[in-house]
Structure formats: structure tokens, C-alpha cells
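# Observations on the three-dimensional arrangement
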Amino acid sequence: AATWARDLAPDAFVAVGGGSAMDTCKAANLYSSHPEADFLDFVNAPIGRGLPVPGHLRPMVAIPTTAGTGSETTGTAIFDHEASQAKTGIGSRSLRPTLGLVDPDNLH
């Protein structure tokens, strides 16, 4: 997703789905906004370098379709780092979606 977003360079992002979909969108936004960065630059240490996210990201709207993760409100993106067989993430206030649209009719 990050490579696709880097190549496309969209003006904004819309995440529709559960926590994993929203976290993937956050990471895609981060790496398309900072295409010079290595993937592990912003990943939490000790797996990544844990560098601070420089500057702002593109606008992102998060529309959850499941209840419980709260990913539409947080500045954290969690993922499985397969190379180290660990769950880790990226944390920065910059990752927090610009807008979260929570509609009970969208929740399953």
C-alpha cells in the first residue's frame, strides 16, 4: 500500500473499514507524504529506527465499519512485521485522521 501510494501521490486519503484498513491507510499516507523515507525510519524501536514524523501528512478521512478499534481517532498504525515475526507500529500525532465519520448504519 505504501509503494502504491508513493507512486500515485494522492491529494488526500479515505479509509473505509476496520482498524487494519485504517492503519494501512495511515501508513500509506505517511510514506506517500515522505517518499524519501525508508520503511523502517518511523517504525517503533527496536524493530525500526523510531524517528519522529517530520511535518504534516495529507488529509485523511476515516470511516469505520466495525466498532472497537478506535483507529479513526488515534495517531497509531499497528501492523505485523513479518521479517521479525512481531507486531509493531508507528506512532505520531501526525498520523491521526483529519476527520472520522462514525455512522451506526455503517457498523456491522
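Cut-off values and rules
Residues numbered from 1 in each chain as written. Predicted model: local features only at pLDDT ≥ 70, side-chain atom pairs only at ≥ 80, totals over all residues. Heavy atoms only, no water. Helix = DSSP H or I, 4+ residues; strand = E, 2+ residues; numbered from the N terminus. Expected span 1.5 Å × (residues − 1). Buried < 20%, exposed > 50% of the residue type's maximum accessible area, 1.4 Å probe, protein only. Contact = heavy atoms within 4.5 Å. Phe/Tyr/Trp six-rings, centres within 6.5 Å; stacked < 30°, edge-to-face > 60°. Core = buried A, V, L, I, M, F, W, Y, C linked by side-chain atoms within 4.5 Å. Pairing = 2+ DSSP bridges. Right-handed = clockwise from strand over helix to strand, strands pointing away. pLDDT = per-residue confidence, 0-100.

This part covers helix 2 (residues 19–33). With 15 residues, helix 2 extends 21 Å between its outermost C-alpha atoms, agreeing within 8% with the 21 Å of an ideal straight helix rising 1.5 Å per residue. Taken across its 15 residues, helix 2 has twelve buried, putting it largely inside the fold. For helix 2, the set of buried residues is Gly19, Met22, Asp23, Cys25, Lys26, Ala27, Ala28, Asn29, Leu30, Tyr31, Ser32 and Ser33. Those residues of helix 2 that are buried lie in contact with helix 1 (2–8), strand 1 (13–17), strand 2 (60–64), strand 3 (76–81) and strand 4 (86–91).

Looking now at the packing of aromatic side chains. Evaluated as defined, the whole model comprises three aromatic pairs. An angle of 65 degrees between the planes, with centres 5.5 Å apart, marks the rings of phenylalanine 39 and phenylalanine 79 as edge-to-face. Taken together, the positions of phenylalanine 39 in the loop between helix 2 and strand 2 and phenylalanine 79 in strand 3 put the pair 40 residues apart, joining distant regions of the chain. Among the residues examined, phenylalanine 39 registers a relative accessible area of 36% and is labelled partly exposed. What makes phenylalanine 79 buried here is its relative accessible area of 19%. Within the aromatic cluster, the residues linked to one another by ring pairs are Tyr31, Phe39, Phe42 and Phe79.

Let's shift gears to the nonpolar core. Counting residues in each nonpolar core, the largest one holds twelve residues, listed as Ala2, Leu30, Tyr31, Ala37, Phe42, Val43, Val53, Leu57, Ala77, Phe79, Ile90 and Leu95. When sequence neighbours within four positions are dropped, the list of residues in contact with isoleucine 90 reads Leu30, Tyr31, Phe42, Val43, Asn44, Gly75, Thr76, Ala77, Phe79 and Leu95. Phe13, Met22, Met60 and Ala62 belong to the second largest nonpolar core, which has eight residues in total.

Let's shift gears to the environment of isoleucine 63. As for its position among the elements, isoleucine 63 is in strand 2. As a C-alpha pair, isoleucine 63 and alanine 9 span 54 residues in sequence and 21 Å in three-dimensional space. Beyond its immediate sequence surroundings of up to four residues, isoleucine 63 is in contact with Val14, Ala15, Val16, Gly17, Met22, Leu101 and Asn106.

Here we come to the environment of threonine 74. Looking at the secondary structure, you find threonine 74 in the loop between strand 2 and strand 3. Once the C-alpha coordinates of threonine 74 and proline 46 are considered, the two residues, 28 residues apart in sequence, prove to be 22 Å apart. If near-sequence neighbours (up to four positions away) are discounted, threonine 74 is found in contact with Lys26, Leu95, Arg96 and Pro97.

Here we take up the pairing of strand 1. Regular strands have side chains that alternate between both faces of the sheet. Residues Phe13, Ala15 and Gly17 line the buried face of strand 1, whereas the alternating positions Val14 and Val16 sit on a face that is not buried. Direction of pairing for strand 1 relative to strand 2: parallel, over a ladder of five bridges. When the bridges of strand 2 are listed, alanine 15 appears paired with alanine 62. Viewed along the sheet, the connection from strand 1 through helix 2 into strand 2 turns out right-handed.

A separate point is the confidence of the model for the protein chain. For the protein chain, per-residue confidence averages 94 on the pLDDT scale, and 99% of positions sit at 70 or higher. The least confident element of the protein chain, judged by mean pLDDT, is helix 1 at 87; the most confident is strand 2 at 97.

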